[in-house]
Amino acid sequence: MEPSINVLGGALQPCSTAPVTGFFRNGCCDTGPEDSGSHTVCVVLTDEFLAMSRYLGNDLTTPRPEWGFPGLKAGDRWCLCASRFLQATQEFAAPKVVLDATHRRALDIVPLDLLRRHAVGAAD
């Protein structure tokens, strides 16, 4: 696993334990070599993003009990793939970002300025 450092250079904070998120299902957006999707951006989900994701073939709202997945709703926090976040910004459906819970490896794909523009508490 990569060191747990956020995009601001501090300790990576938890993203969510209800529902449990993260590639390693530890509640944090930790990453490592086996995380080919770079599930590193901690977001606060919106209806717009969830609809876009469903349209693109990744339905995050339907519960999948066989995988221990409760289904997600607007307001939930979730470790999102950095490339999907970038795509959502281009489609004007980007969710808000929790910077202190977003892993620094997200910066390999998404510029910090873009993450800051979508940060929780940032002006719209």
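Below: a short report on this structure.

Side note on the sheet that holds strand 1 (residues 39–44)
Moving on, step 1. With antiparallel pairing, three strands are arranged side by side in an open sheet as 2-1-3. Where the open sheet ends on each side, the last strands, each with one partner, are strand 2 (77–81) and strand 3 (96–97).
Moving on, step 2. Two elements, strand 1 and strand 3, share two bridges in a ladder whose sense is antiparallel. The partner of V44 across the bridge, within strand 3, is K96.
Moving on, step 3. On the sheet, helix 2 (residues 82–90) packs against strand 1, strand 2 and strand 3 and is oriented at approximately 95° with respect to strand 2.

Remarks on the layout of surface pockets
Moving on, step 1. In this model, the largest pocket occupies a volume close to 390 Å³.
Moving on, step 2. It is strand 2 that provides the largest number of residues to the lining of the largest pocket, a total of four residues.
Moving on, step 3. Broken down by class, the residue content of the lining of the largest pocket amounts to ten nonpolar, four polar and four charged.

Comments concerning the pattern of salt bridges
Moving on, step 1. Inspection of every chain in the model, using the stated rule, returns five salt bridges.
Moving on, step 2. Residue E66 pairs with R64 through a salt bridge whose shortest N-O separation is 2.9 Å.
Moving on, step 3. Owing to a relative accessible area of 52%, E66 belongs among the exposed residues under this scheme.
Moving on, step 4. Assessed through its relative accessible area of 34%, R64 is described here as partly exposed.
Moving on, step 5. Of the charged contacts, one joins D76 and K73 as a salt bridge, the two residues approaching to 3.0 Å between their closest N and O atoms.
Moving on, step 6. Given a relative accessible area of 51%, K73 falls into the exposed group.

Concerning the state of the cysteines
Working definition: the covalent bond between the sulfur atoms of two cysteines is a disulfide.
Moving on, step 1. One pass over the structure, following the stated rule, counts two disulfides.
Moving on, step 2. The disulfide partner of C29 is C79, and the gap between their sulfur atoms is 2.1 Å. The S-S bond linking C29 to C79 shows a torsion near -95°; that makes this disulfide left-handed. Of this pair, C29 sits in the segment before strand 1 while C79 sits in strand 2, and the two are 50 residues apart along the sequence.
Moving on, step 3. Taken N- to C-terminal, the disulfide-bonded cysteines of the protein are connected 1-3, 2-4.
Moving on, step 4. Considering cysteine sulfurs only, C79 is the nearest to C81, which forms no disulfide, with 9.9 Å between them.
Moving on, step 5. Residue C81 is classed as buried on the basis of its relative accessible area, which comes to 19%.

Focus on the packing of aromatic side chains
Moving on, step 1. With the rule as written, the count across this model stands at two aromatic pairs.
Moving on, step 2. Here F23 and F24 contribute two aromatic rings whose centre-to-centre distance is 5.1 Å and whose plane-to-plane angle is 90°, an arrangement assigned as edge-to-face.
Moving on, step 3. With a centroid separation of 5.7 Å and 70° between ring planes, the pair formed by F69 and W78 is classed as edge-to-face. We note that F69, like W78, is buried.

So, how was this worked out
- Residues numbered from 1 in each chain as written.
- Predicted model: local features only at pLDDT ≥ 70, side-chain atom pairs only at ≥ 80, totals over all residues.
- Heavy atoms only, no water.
- Pairing = 2+ DSSP bridges.
- Helix = DSSP H or I, 4+ residues; strand = E, 2+ residues; numbered from the N terminus.
- Contact = heavy atoms within 4.5 Å.
- Axes fitted to C-alpha atoms, helices over the stretch in contact; angles between N-to-C directions.
- 1 Å grid on protein atoms, 1.4 Å probe; cavity = no way out; pocket = protein on both sides within 12 Å on 5 of 7 lines; lining within 4 Å.
- Points joined across faces, edges and corners; volume = space filled by probe spheres on them.
- Nonpolar A, V, L, I, M, F, W, Y, C, P; charged D, E, K, R; others polar.
- Salt bridge = Lys/Arg side-chain N within 4 Å of Asp/Glu carboxyl O.
- Buried < 20%, exposed > 50% of the residue type's maximum accessible area, 1.4 Å probe, protein only.
- Disulfide = S-S within 2.5 Å.
- Phe/Tyr/Trp six-rings, centres within 6.5 Å; stacked < 30°, edge-to-face > 60°.

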